[in-house]
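If you want the building blocks of each chain, they are given just below.
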Amino acid sequence: MRLSVIGTGYVGLTAAACFAKIGHQVIGVDNDPKKISLLKEGKIPIYEPKLEDIVKEEMAKGRLAFTTEIAEGVKNSQIVFIAVGTPPKETGEPDLSAVENVARQIGENMVDYLLIVEKSTVPVKTGEWIKRTIERYNKKKIPFDVASNPEFLREGRAVDDFLSPDRIVIGCETTRAKELLLEVYKPLNSKILVTNLESAELIKHASNAFLAMKISFINAVAIVCEAVKANIKEVADGVGLDKRIGRDFLDAGIGYGGFCFPKDLDAFIKISEELGYDFRLLKVVREINNEMRERLIKKAKEVLWNLRDKKIGVLGLSFKPDTDDMRFAPSIDIISRLIAEGAKVLAYDPKAMEKAREVLPGINYCQSPYEVCQDADCLLILTEWEEFKHLDLKRVKALLKLPVIIDGRNIFDPKVMAKLGFIYRGVGWGY
Ligand code: UGA
């Protein structure tokens, strides 16, 4: 099939490359000429495992091309996927002006029946707005359908999530739209749920909100664990063994970040409010998440007393491992607070340092985790990169000025750390 994907961010680029990989003819469209010229050279502007190879392979096979012109994509496709950014505004609502702009241009450039699919995460009722916008600019009254096909991929595992999804959700209003989308996804042989437009839009927000709720729930339990002799990992394992609950997303720590959960939660709270419901539960989820960052700093102060002029080493900056994404990373809040308290911060991240420099200019970036430890009063672990789990801890201890590790991701065993002579504080260990 001939497809276009408008927007080549994490979701759009993964979708475009993977659609080509499963045999479709795909045009990736983006209004950023720098991004497009990079992509045309077979290079990708983000770190995402496996993605660059697929982009190169599919371009070589002639199944994937890139352009800055929406018209080119629209005129050469049966289906256009909208995957442009929906960044949060100050108010918490997502800024949907890029979606509107794309919808207008689609309306102006349609030449034949077209299925327009929203893939960006958007609040319920956006599909309705896309339809209205296209109708306004579609002067020749060319027939079209609008559908919702939310994406559930995780950064760092985007390709695998796209090619082996738990489910594919298709929200549509006509049989024609449904059949076209079923055909697109046929090669994946996956479980497909067909719903109406509004349900599909809500499934996306509700899924992310539920996962965020699981994280805040386990973080709240972790706080209680710290007050007694309990171990959050054992508690999470015990709770997670119940098939109705499941162990995934029950890892306590400094909470969620990234460009999805924080903004989707805000957006879901906001749209619920507009629809007449005060989604109090999600407001508390958000509060607990923010509290976890504060608690980490408090733990550092409990050991070090004042932070002024203390040298603090930070391992991990990206919002989670296997990505260079710094958007809404807990490390930004935590490091900004450390700097505000007068601490000197040294940091290392395997992939995110280039992006981190843009948002965290006032710190020293190091070439290795060991360089971070050199003479530091304390080491903070903010992202659970695999590399950190295999550190030579004797070397770390010898390098640190004081053997203090505050671990925001619980990557070590507190008993082992105590034996090695560290003052080790994780999240949710009452001993
Ligand atoms: C999330 C969802 O998992 C995807 O299904 C969804 O498609 C995506 O948002 C999106 O809306 O586009 P992502 O933001 O890539 O994916 O990252 P996750 O792996 O879900 O992690 C989110 C945050 O939660 C990270 O900061 C991670 O460290 C934190 N987390 C995750 C925990 O603190 N504890 C856990 O047990 C799990």
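Our subject is the structure that appears above.
What you are looking at is a predicted structure, and each value in this text was computed from that prediction instead of being measured. (Residues numbered from 1 in each chain as written. Predicted model: local features only at pLDDT ≥ 70, side-chain atom pairs only at ≥ 80, totals over all residues. Heavy atoms only, no water.)

S.K.: Help me understand the overall build of the chain in this model?
M.R.: Counting secondary structure elements, the chain contains 18 helices and 14 strands. At 23 Å, the chain has a C-alpha radius of gyration in line with the 22 Å of a compact globule built from 431 residues. Buried positions account for 53% of the 431 residues belonging to the chain. Expressed as a percentage of contacts within the chain between residues at least 6 apart in sequence, the contacts between residues at least 24 apart total 73%. (Helix = DSSP H or I, 4+ residues; strand = E, 2+ residues; numbered from the N terminus. Rg over C-alpha atoms; globule rule 2.2 N^0.38 Å. Buried < 20%, exposed > 50% of the residue type's maximum accessible area, 1.4 Å probe, protein only. Contact = heavy atoms within 4.5 Å.)

S.K.: Please clarify how the pairing of strand β7 (residues 168-171) should be interpreted in this entry.
M.R.: Of the two faces of β7, both are covered, the one formed by Ile 168 and Ile 170 as well as the one formed by Val 169 and Gly 171. Of the strand pairs in this sheet, β7 and strand β8 (residues 192-195) are connected by four bridges, and their pairing is parallel. By the bridge assignment for β8, Val 169 is matched with Leu 193. Viewed along the sheet, the connection from β7 through helix α8 (residues 175-185) into β8 turns out right-handed. (Pairing = 2+ DSSP bridges. Right-handed = clockwise from strand over helix to strand, strands pointing away.)

S.K.: Which parts of the structure should I look at to understand the site of the ligand?
M.R.: If you check the shell around the ligand, you find 20 residues, and the closest are Phe 152, Leu 153, Glu 155, Lys 204 and Asn 208. A distance of 2.7 Å is found between an oxygen atom of the ligand and a backbone nitrogen or oxygen belonging to Leu 153. Out of a free accessible area of 720 Å², the ligand has 91% covered by protein chains. Contributions of two or more residues to the shell around the ligand are made by α9 (197-227) and α11 (261-274). A total of three residues in the shell around the ligand trace back to one element, the largest contributor, which is α9. (Near = heavy atom within 4 Å. Polar contact = N/O pair within 3.5 Å; in protein donor to acceptor, adjacent residues only side chain to side chain. Areas by Shrake-Rupley, 256 points an atom, 1.4 Å probe, with all protein chains shown as cover.)

S.K.: Teacher, can you tell me more about the pattern of salt bridges here?
M.R.: Between side chains of opposite charge, a pair can form when the charged atoms approach closely. Considering all chains together, one arrives at 30 salt bridges under this definition. For the salt bridge of Glu 58 with Lys 61, the shortest nitrogen-to-oxygen distance reads 3.3 Å. Highlighted residues: Glu 58 and Lys 61, both in helix α3 (residues 51-61), separated by three residues, approximately one helical turn. Here Glu 58 falls in the buried class, since its relative accessible area comes to 0%. (Salt bridge = Lys/Arg side-chain N within 4 Å of Asp/Glu carboxyl O.)

S.K.: How do you make sense of helix α13 (residues 330-340) when you look at a structure like this?
M.R.: For an α-helix the count is 3.6 residues per turn, leaving residues at separations of three or four pointing the same way. The complete set of buried residues in α13 reads Pro 330, Ser 331, Ile 332, Ile 334, Ile 335 and Leu 338. Where α13 is buried, its residues contact α12 (280-304), β9 (311-315), β10 (344-348), α14 (353-359) and β12 (378-381). Residue Gly 342 follows α13 closely and has a positive phi angle near 95°.

S.K.: Quick question: what am I supposed to make of the packing of aromatic side chains here?
M.R.: Here the distance between the centres and the angle between the planes together describe a pair of aromatic rings. Under the counting rule described, the total for this entry stands at ten aromatic pairs. Both rings, one in Tyr 277 and one in Phe 279, keep their centres 5.4 Å apart while their planes meet at 65°; by these two values the pair is edge-to-face. The exposure class assigned to Tyr 277 is partly exposed, which follows from its relative accessible area of 42%. Pairing Phe 412 with Tyr 424 gives two aromatic rings, centres 6.3 Å apart and planes at 65°, and the pair type is edge-to-face. (Phe/Tyr/Trp six-rings, centres within 6.5 Å; stacked < 30°, edge-to-face > 60°.)

S.K.: For this particular structure, what's the right way to read the packing of α9 against α12?
M.R.: A pair of packed helices is characterised by two quantities: the angle between their axes and the separation of those axes. The N-to-C vectors of α9 and α12 enclose an angle of 45°; their axes lie 9 Å apart at closest approach. Classified by the angle their axes make, α9 and α12 are oblique. Every pair of crossing elements has a handedness; the one defined by α9 and α12 is left-handed. Together, Ala 209, Ala 212, Met 213, Ser 216, Asn 219, Ala 220, Ile 223 and Glu 226 of α9 and Leu 281, Leu 282, Val 285, Ile 288, Asn 289, Glu 291, Met 292, Arg 295 and Lys 299 of α12 make up the contact between the two elements. A class-by-class count of the residues in the contact of α9 with α12 yields ten nonpolar, three polar and four charged. (Axes fitted to C-alpha atoms, helices over the stretch in contact; angles between N-to-C directions. Parallel < 35°, antiparallel > 145°, perpendicular 65-115°, else oblique. Left-handed = near helix turned anticlockwise from the far one by under 90°. Nonpolar A, V, L, I, M, F, W, Y, C, P; charged D, E, K, R; others polar.)

By themselves, these are just geometric observations and shouldn't be taken as functional.
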